[in-house]
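Listed below are the residues making up each chain.
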Amino acid sequence: MIPYTVNIKLAARTLTGTLNLQNKTAVDWGWQGLIAQGCHSSILIIDPKTSQTIQVLEKHKANVVKVKWSRENYYHNVSSPYCLRLASGDASGKIIVWDVVSGTAHCEIQEHSKPIQDLEWLWNQDASRDLLLAIHPPNYIVLWNGDTGTKLWKKSYAENILSFSFDPFDPSNMALLTSEGIVFITDFTHSKPPGSAGKKVYIASPHASPAHTKPVPAAAPAPTGAKKALNKVKVLIINEKPTAEAVTLNDCLQLSYLPSKRNHMLLLYPREILILDLELSQTVGVVAIERSGVPFIQVIPCAQRDALYCLHENGCITLRVCRSTTTLEEAQSVHELVYDLRSQCDAIRVTKTVRPYRMVVCPVNENNAALMVSDGRAMLWELKAHTAKRCRDSGLSPLYSPVSFCGAPLGPNQKRIQDLSLNSMIGQTLIPGEAPPLSSNQQEVQLKFLLTGLLSGLPLPPFAIRMCPPLTTKNINHYQPLLAVGTSNGSVLVYNLTSGLLHKELSVHSCEVRGIEWVSLTSFLSFATSSPNNMGLVRNELQHVDLPTGRCFAFRGERGNDEPPIEMIKVSHLKQYLVVVFRDKPLELWDIRTGTLLREMAKNFPAVTALEWSPSHNLKSLKKKQMAAREAMARQTVSDAEQSSVESSVISLLQDAESKSETSQAISAREHFVFTDTDGQVYHITVEGNTVKDGARIPPDGSMGSIACIAWKGDTLVLGDVDGNLNFWDLKARLSRGIPTHRGWVKKIRFAPGKGNQKLLVMYTDGAEVWDTKEVQMVSSMRIGRNVNYRILDIDWCTSDKVVLASDDGCIRVLEMAMKSASYRMDEQDLTDPVWCPYLLVPRAALTLKAFLLLQPWSGTFTMDITQVDMKSVLLDPVLSLLQRCLLVSRLFGDESDLHFWTVASHYLQAFAQARQLSRTFERNVKIKLTCGSTFAAQQKFQLDRVHLQEVKRSSYEHTKKCADQLLLLGQTDRAVQLLLETSADNSSYYCDSLKACLVTTITSSGPSQSTIKLVATNMIANGKLAEGVQLLCLIDKAADACRYLQTYGEWNRAAWLAKVRLSPAESSDVLKRWAEHLCSPQVNHKSKAILVLLSLGCFYKVGEMLHGMRQFDRAALFIEACLKYGVMEANDTSNILFESPLPLSKGHL
């Protein structure tokens, strides 16, 4: 048996159930490794590794519509620690930024009263990690400081904004999905609102456009002037006036930039995914569903590989991977990007109330997905790679597992985690333009989804709840705080409130459960009533359930068919007797121990409106009498002399047998109960064994209406009526006191457990109250519309100071007596399974743990005392290099900044180290050429493939012109001339294009012609013709000058692109160094990106200096250590100074 400890102090928590439709998009999987999900007005925090709900946040008054984890793309230290920060927006327009560990709201933001459309933390800048961008309906974008709640700027647009997406490659670019189309913004910055209204493009429905038969643009620039939407759409479909059938509404479900491809975007439609090349605003790929296929709901593009996670309407998640083209012939034969279906999971059974809502994917590893279902389920799927040969008839290209681990070549005996992340499962052969390295170690793999976790919520309300008997000194060794929940479908769910997990689910009844009463710590009685027939009669089901075995039997035997419905059942204080109260039938009195009917009251017995057992009984006096009788019998049976001659062991055995036989003979103690009739008269009845005696009758109180419920504890009796009055009786002092609450019908009252605890929980139609019956005053109150937005369905006490409430939003809440909030501190929880989340540690502990995992210079071998099932053996592997360790720990911590840095650093450190080994005697520029040669060729091929695809897809003169411009920049003059000569004679640009074609074909390398062209290009650039001037400079092989002009006019990304495809490595390095200097300037302040640029250039010493200057001491020390190990940095005085300078600060830093 699994040992467990008794947790006497239960934490406040919420058991959640079905989702509201407005919660559909309220889910996010953060870099912290946790999932946040909105459920009505609450937010669940789920640990996907252990499938546990570890926190529930409650402060919203309206349904939560958006949740977003903060990004971890910043350097972590004591002043900027690992922290669980979450932003949530609700249907009333309120945004709350949470400290998830403590369960408290860090700040609250309110701008408008309409539902928040979208949220995003700004992650691609170094200025601040607190900036939160929000869409406030109908058309406002507001940038907030998520730490203080201060509004930084606000911008309005002409159309209703539905969502937005940031360009992962350029933080100044973002796209807004509006009710009519897309708005592209190219001047986004955190310091001020966008200056322009953006470039508007409009979308044609793919059903109305011939997307399958003829390549057409999916978006085109809007015509000028205030034209109707009808005229704007016609440009997208045909060049003549559209017919009524061709014009359809915009049914675009989602827009998103591709994080694996620069300048590409996807548009999601129910039956198609369109891949757009934004340089030409045209479709370069279509993922279409067959006529009999299941439509899409959502798509999530991956960053580690060019792959798409797709969610379908039947709950099936599919993974589609872009088909690679490794040769030029293959690339020229492909007319569009093709995404092959590589894996899919099982679908769910979709009904009217059960349908898939949203899917989220782990951003750290991208090989785990979670599906949120409307009934509250969270299905956790993990993508697995297994070695297998593909079917030859499938027509799919092979997938290979990489021969590396954490960015470095795999050692011969090195341990690895194959399914660590998506890029460790699928090799680099999937990157277009890069030929697969032939290696005997490469294995062909196939992908499959495996269900690794399932969280189930509560079913639809209503609920009937009952807490098990309270904790006492007698049952403390085996007590479990179990809550029984009766549901509308007839099942009873038993939850362990220590962990909040489902203990058992029992299918007990065939109709809605009306009430539950425990008869011991491990068994209970529950009753249900079917729908009435024409006579108003029902089928009553009263079942006895034994929890350990799951045995269930009808307590009343064959009784129950065609009789009035059961109103309530009440179990006596000693669990001896049971009273069953019917609506239009006299009550029944049962013996629970024997299951026999003691008395069925006569027909003239008064109708019962409320009933309660007395806590007083004569069990103690009976036990004393029995003990005295047993001692007297023992004295008579065994004399003193005889007893001394019998061995003590035999005596003890005899005494044990005697005590067991006596306990098996049940002692029938005297108990009594009171009830009221419709007139308010109070009856007193005594039960002892088979004897039932009628006691005193108390006439009705004139100030009370019809009594609805009674509670009795000690010498206090409390009655509640249908008019909202409470009557407190002090039986010892023979006093009564009536209190009008003015709250309407008193539905239920219950005393708190615990000796001397006189707190009373009262349930009304519109809420609940806690009263102190000693002082006869209210302690706390909850009212619908004032404190909460849900209606109370049932109440009970779970401990002496905590209440449990069932509500109509499908949740069950364990609250403090003040009934304020169910949020709690996560470090107070008693979780069933341990959770790996460094964000739960205090900052110094998290940073110390990270340093402990990364580097142990005091020891020759790596040791650790922590246990992490999959990771421990890998971390202890002596073959694991420092770079691999840094990458692995960054994934363990979900550290976005670390992961980006070490991924780039690992690649270029190994590349430059390899070049250094190949040619130690070469000059530096030769080494750079060796290092960058393959990259340069791959970049050239990738860009040529892309232009070829754009050529195939072009459908207008503008597209052809852009293709010709790109070919000129790439140096493909022959093909550019062919495109220029395609211009029709009636085109206004016919003359210019013809002259340009002649110029390109007749250019010579003579001095005068080059001087003239350079002069013309310079004048054109000075007069605003930047693109045309750059083309002319490229024609005369002055691409370096072209790059300088582009940088002068702020086109830094374009200059870097041109440098990579046209310049020699040495010239390209100069251009990129100027870009790095620009990124470090105070106006831009994006040093983290500048470091990545310098890494690609092999400027490792400069990188170390910058890391030190940015006070990133531990990262700088680890980086220099890696440089020294790979031999790309020599251990001299300068490097030693840099390496040793942070050491005095490192202790305080950690």
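Residues numbered from 1 in each chain as written. Predicted model: local features only at pLDDT ≥ 70, side-chain atom pairs only at ≥ 80, totals over all residues. Heavy atoms only, no water.

## Topic: helix α20 (residues 1087-1097)
And then number 1: With eight of its 11 residues buried, α20 lies for the most part within the structure.
And then number 2: Taken residue by residue, α20 has Lys1089, Ala1090, Ile1091, Val1093, Leu1094, Leu1095, Ser1096 and Leu1097 as its buried positions.
And then number 3: Once α20 ends, the next one or two residues include glycine 1098, with phi positive near 80 degrees. (Buried < 20%, exposed > 50% of the residue type's maximum accessible area, 1.4 Å probe, protein only. Helix = DSSP H or I, 4+ residues; strand = E, 2+ residues; numbered from the N terminus.)

## A word on the pattern of salt bridges
And then number 1: Tallied over the full model, the rule gives 41 salt bridges.
And then number 2: A salt bridge links lysine 94 to glutamate 108, with the nearest nitrogen and oxygen atoms 3.0 Å apart. One end of the pair, lysine 94, is in strand β8 (residues 94-99); the other, glutamate 108, is in strand β9 (residues 104-110), with 14 residues separating them in the sequence.
And then number 3: According to the relative accessible area criterion, lysine 94 is partly exposed, its value standing at 24%.
And then number 4: On the accessibility criterion, glutamate 108 (39% relative accessible area) is partly exposed.
And then number 5: Here aspartate 591 makes a salt bridge to arginine 593, at a shortest N to O gap of 3.3 Å.
And then number 6: Three or more residues joined by partner-sharing salt bridges are found here, namely Arg556, Arg559, Glu563, Lys585, Glu588 and Glu600. (Salt bridge = Lys/Arg side-chain N within 4 Å of Asp/Glu carboxyl O.)

## Some points on empty space enclosed by the protein
Any empty space left between atoms is shown by rolling a water-sized probe over those atoms.
And then number 1: Going through the model one piece at a time under the given rule, you end up with three cavities of 30 Å³ or more.
And then number 2: What the second largest cavity holds in volume is close to 50 Å³.
And then number 3: For the second largest cavity, the full set of lining residues is Tyr75, Lys850, Leu854, Asp898, Trp902, Asp1114, Arg1115 and Leu1118. (1 Å grid on protein atoms, 1.4 Å probe; cavity = no way out; pocket = protein on both sides within 12 Å on 5 of 7 lines; lining within 4 Å. Points joined across faces, edges and corners; volume = space filled by probe spheres on them.)

## Quick word on helix α21 (residues 1100-1109)
And then number 1: Of the positions making up α21, those classed as buried are Phe1100, Val1103, Gly1104, Met1106 and Leu1107. For α21, the buried positions fall inside an angular range of 165 degrees around the axis, keeping them on one side.
And then number 2: One or two positions beyond α21, positive phi appears at arginine 1111, with a value near 65 degrees. (Arc of directions from axis to C-beta.)

## Quick notes on the sheet that holds β9
And then number 1: One open sheet holds the four strands; their spatial order is β6-β7-β8-β9, and the pairing between them is antiparallel. Edge positions in the sheet fall to β6 (64-69) and β9, since each of these pairs with one other strand and no more. Going across the sheet, the axis of each strand differs from the next one's by a mean of 20 degrees, ignoring polarity.
And then number 2: In the sheet, β8 pairs with β9 via six bridges, with the strands oriented antiparallel. The residue bridging isoleucine 96 from the neighbouring strand is glutamate 108, located in β9. (Pairing = 2+ DSSP bridges. Axes fitted to C-alpha atoms, helices over the stretch in contact; angles between N-to-C directions.)

## Examining the environment of valine 776
And then number 1: Structurally, valine 776 can be placed in the loop between β56 (767-772) and β57 (777-783).
And then number 2: You can call valine 776 buried: its relative accessible area is 15%.
And then number 3: If near-sequence neighbours (up to four positions away) are discounted, valine 776 is found in contact with Phe728, Arg737, Ile739 and Trp771. (Contact = heavy atoms within 4.5 Å.)

## Notes on the sheet that holds strand β11 (residues 131-136)
And then number 1: Ordered in space as β10-β11-β12-β13, the four strands form an open sheet in which the pairing is antiparallel. Only two strands of the sheet have a single neighbouring strand rather than two, namely β10 (118-121) and β13 (150-156). Each adjacent strand pair in this sheet contributes to an overall mean axis angle of 20 degrees, direction not counted.
And then number 2: As paired elements, β10 and β11 share four bridges and run antiparallel to each other. In the sheet register, leucine 119 faces β11, and the bridge partner there is alanine 134.

## Quick look at the packing of aromatic side chains
And then number 1: In this structure the tally under the stated criterion is 19 aromatic pairs.
And then number 2: For the pair tryptophan 153 and phenylalanine 188, a centre-to-centre distance of 5.7 Å together with 65 degrees between the ring planes defines the contact as edge-to-face. With a gap of 35 residues between them, tryptophan 153 in strand β13 and phenylalanine 188 in the loop between β16 (181-185) and β17 (199-203) connect regions that are remote in the sequence. An identical accessibility class is assigned to tryptophan 153 and phenylalanine 188; each is buried.
And then number 3: Judged by centre distance (4.8 Å) and plane angle (5 degrees), the ring pair of phenylalanine 675 and tyrosine 683 falls under stacked. Neither phenylalanine 675 nor tyrosine 683 differs from the other in exposure class; each is buried. (Phe/Tyr/Trp six-rings, centres within 6.5 Å; stacked < 30°, edge-to-face > 60°.)

## Comments concerning the nonpolar core
And then number 1: Of all hydrophobic cores here, the largest spans 89 residues; its most connected members are Ile45, Leu86 and Phe1119.
And then number 2: Ranked by the residues each element gives to this core, the list is headed by helix α9 (residues 882-893), at eight residues.
And then number 3: If near-sequence neighbours (up to four positions away) are discounted, phenylalanine 1119 is found in contact with Phe901, Trp902, Ala905, Leu909, Leu1095, Phe1100, Val1103, Gly1104 and Leu1107.
And then number 4: Listed in part, the 36 residues of the second largest apolar core include Leu967, Cys1043, Leu1046 and Leu1063. (Core = buried A, V, L, I, M, F, W, Y, C linked by side-chain atoms within 4.5 Å.)

## Some points on the confidence of the model for the protein
And then number 1: Within the protein, residue pLDDT values average 81, and 83% of them lie at 70 or more.
And then number 2: Within the model, the stretch residues 660-664 combines pLDDT values under 50 with one contact to residues more than four positions away or in other chains. (pLDDT = per-residue confidence, 0-100.)

## A short note on the side chain of glutamine 55
And then number 1: Position of glutamine 55 among the secondary structure elements: in strand β5 (residues 52-58).
And then number 2: Separated by 2.8 Å, the side chain of glutamine 55 and the backbone oxygen of valine 100 make a polar contact. (Polar contact = N/O pair within 3.5 Å; in protein donor to acceptor, adjacent residues only side chain to side chain.)

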